[in-house]
Amino acid sequence: MQPSSTPASERPRSPAAQFATPDRLSDYWRFYWAVAEAQIARWLPEAPSRLLDVSSPDYQGTPRAVAAGHDVVTLLPSADMAVRRPLTLVNGRAAVPRPARRGRLRHVVGDSAFLRNFASEVFDGVIADNRVLSRHLATESSVAEVARVLRPGGRALLCVDSVVLGMALLAEQDCWPELSHAPSADVLLVPWPDGSITRCFTAEQLTETLSDAGLELEWIKPRTVLSASTVEMMLARDPRSMGRLVEMELRATESDDYVGVHLVASARKPG
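Residues numbered from 1 in each chain as written. Predicted model: local features only at pLDDT ≥ 70, side-chain atom pairs only at ≥ 80, totals over all residues. Heavy atoms only, no water.

> Where do I start with the overall build of the protein in this structure?
Secondary structure assignment for the protein yields eleven helices and nine strands. Of all 271 residues assigned to the protein, the portion counted as buried reaches 48%. Sequence-distant contacts in the protein: of pairs separated by 6 or more residues, those separated by 24 or more amount to 76%. For the protein, the exposed area adds up to about 13,400 Å²; of that, 54% sits on carbon and sulfur atoms. (Helix = DSSP H or I, 4+ residues; strand = E, 2+ residues; numbered from the N terminus. Buried < 20%, exposed > 50% of the residue type's maximum accessible area, 1.4 Å probe, protein only. Contact = heavy atoms within 4.5 Å. Areas by Shrake-Rupley, 256 points an atom, 1.4 Å probe, with all protein chains shown as cover.)

So, in structure tokens, the structure goes:
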């Protein structure tokens, strides 16, 4: 077999590489975060609420929640993140219409895996997006903490890596023995090219984890179904089609086909 004459910098990245080293300025990632913002806009409570965001410093959904009138406490790993994080709303810069009442954004330094900073049953909602629960390998403990700080009737929005992504990453790294056991594994831990490890879930495993923590599943769906290549091709043809693509994605993810690389779920605390 002759080696490829195409320079490595010009070769298309594999599906796994797209998510191992995301370029947030690329067309696909602009689409991905537009979908994420639309999903959280649909999820947010109608009435002003007190929310906890544990989704890591670069999560882009918090400004929408604050602009919609909710008080949001954001958990940061260190105090300097509050200075660098581009989510401060002092100047009112949010890409959504201003409501009559704006919410407040407050930063708290703490560990998102163990919410010891907070008393029980103090939040109307918890946002654990941006794959944060997959980075906590003992996900059951983290979800139990989410359930603890929720008030009865409170809701949680969660996002995790799927087994689809995990298997793609294993194949990318030629981990064939591990890959053969991946679909039936009770717990699937996947090494990433940067040396980190995340935990990947099937829809059934995520549902069971929520149930064991005392939460009732409202819905579960892939974050995106459209492939990166499809999105990039369509936006290259018509750069103004982003809105149509997002609407197409939101309709597509109303199915029961969990083929996406990330799973998004909403759950409620009984009461």
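> Before we go on, may I ask you to explain the packing of aromatic side chains in this structure?
Aromatic ring pairs are described here by two measures, namely the spacing of the ring centres and the angle between the planes. Under the counting rule described, the total for this entry stands at six aromatic pairs. Ring plane angle 50° and centroid distance 6.3 Å describe the contact between tyrosine 28 and tyrosine 32, whose orientation is recorded as tilted. Of the two residues, tyrosine 28 and tyrosine 32 are both situated in helix H2 (residues 27-43); the distance of four residues between them amounts to about one turn of the helix. Accessibility expressed as a relative area gives 1% for tyrosine 28, which makes it buried. The interplanar angle of 50° and the centroid separation of 4.8 Å between the aromatic rings of tryptophan 29 and tyrosine 32 together place this pair among those described as tilted. (Phe/Tyr/Trp six-rings, centres within 6.5 Å; stacked < 30°, edge-to-face > 60°.)

> Mind showing me how you'd approach the environment of proline 222 here?
Tracing the chain through its elements places proline 222 in strand S8 (residues 216-222). For proline 222, a relative accessible area of 0% corresponds to the buried category. The spacing of proline 222 and alanine 252 is 30 residues in sequence and 9.3 Å in space, taken between C-alpha atoms.

> I would appreciate a short explanation of a nonpolar patch on the surface in the present structure.
On the surface, Leu137, Val187, Leu189 and Ile197 cluster together to form a nonpolar patch covering roughly 310 Å² of accessible area. Structurally, valine 187 can be placed in the loop between helix H8 (176-181) and strand S6 (188-191). Residue valine 187 is classed as partly exposed on the basis of its relative accessible area, which comes to 44%. (Patch = residues over 30% accessible without salt bridge, like charges linked within 9 Å, V, L, I, M, F, W, Y side chains within 5 Å. Salt bridge = Lys/Arg side-chain N within 4 Å of Asp/Glu carboxyl O.)

> Which parts of the structure should I look at to understand the pairing of strand S5 (residues 150-162)?
S5 sits mainly inside the fold: ten of its 13 residues count as buried. Where strand S4 (residues 123-128) and S5 come together, five bridges link them in parallel fashion. Within S5, the position partnered with phenylalanine 123 by the bridge is leucine 150. Bridge analysis of S5 against strand S9 (residues 262-268) gives seven bridges, and the strand direction is antiparallel. Looking at S9, one finds that leucine 157 is bridged to serine 266. (Pairing = 2+ DSSP bridges.)

> Is there a simple way to explain the packing of helix H10 (residues 228-237) against helix H11 (residues 242-252) in this structure?
At a minimum axis distance of 10 Å, the contact between H10 and H11 shows a crossing angle of 150°. Considering their axes alone, H10 and H11 lie roughly antiparallel with respect to each other. Crossing geometry of H10 relative to H11 is assigned as right-handed. Here H10 contributes Val231, Met234 and Leu235 to the contact with H11, which in turn contributes Met242, Leu245 and Met248. Of the residues contributing to the contact of H10 with H11, the split by class is six nonpolar, no polar and no charged. (Axes fitted to C-alpha atoms, helices over the stretch in contact; angles between N-to-C directions. Parallel < 35°, antiparallel > 145°, perpendicular 65-115°, else oblique. Left-handed = near helix turned anticlockwise from the far one by under 90°. Nonpolar A, V, L, I, M, F, W, Y, C, P; charged D, E, K, R; others polar.)

> Explanation requested: helix H9 (residues 203-212) in the structure shown.
Because each turn of an α-helix spans 3.6 residues, side chains separated by three or four positions end up pointing in the same direction. Residues Ala203, Gln205, Leu206, Thr209 and Leu210 constitute the buried set of H9. Axial view of H9: buried residues confined to an arc of 165°, hence all on one face. Exposed residues on H9 whose side chains face more than 90 degrees from its buried face are Glu204 and Asp212. In the core, the buried residues of H9 are packed alongside helix H6 (139-149), S5, helix H7 (163-172), strand S7 (197-201), S8 and S9. Of the residues trailing H9, glycine 214 is marked for its positive phi of about 90°. (Arc of directions from axis to C-beta.)

> I would appreciate a short explanation of the pattern of salt bridges in the present structure.
Charged atoms that come close allow side chains of opposite charge to pair. Taken as a whole, this structure holds 13 salt bridges when the rule is applied. Shared partners join several salt bridges into a network, and the residues in it are Arg155, Glu218 and Arg268.

> Is there a simple way to think about the confidence of the model for the protein in this case?
For residues with low pLDDT, the predicted coordinates do not support detailed interpretation. On average, residues of the protein carry a pLDDT of 83, and 80% of them reach 70 or more. Predicted confidence is poor over residues 1-13, with pLDDT under 50, and the contacts of this stretch with residues over four places away or in other chains come to five contacts. Contacts of residues 83-100 to residues separated by more than four positions or lying in other chains number 34 contacts, the stretch itself having pLDDT below 50. (pLDDT = per-residue confidence, 0-100.)

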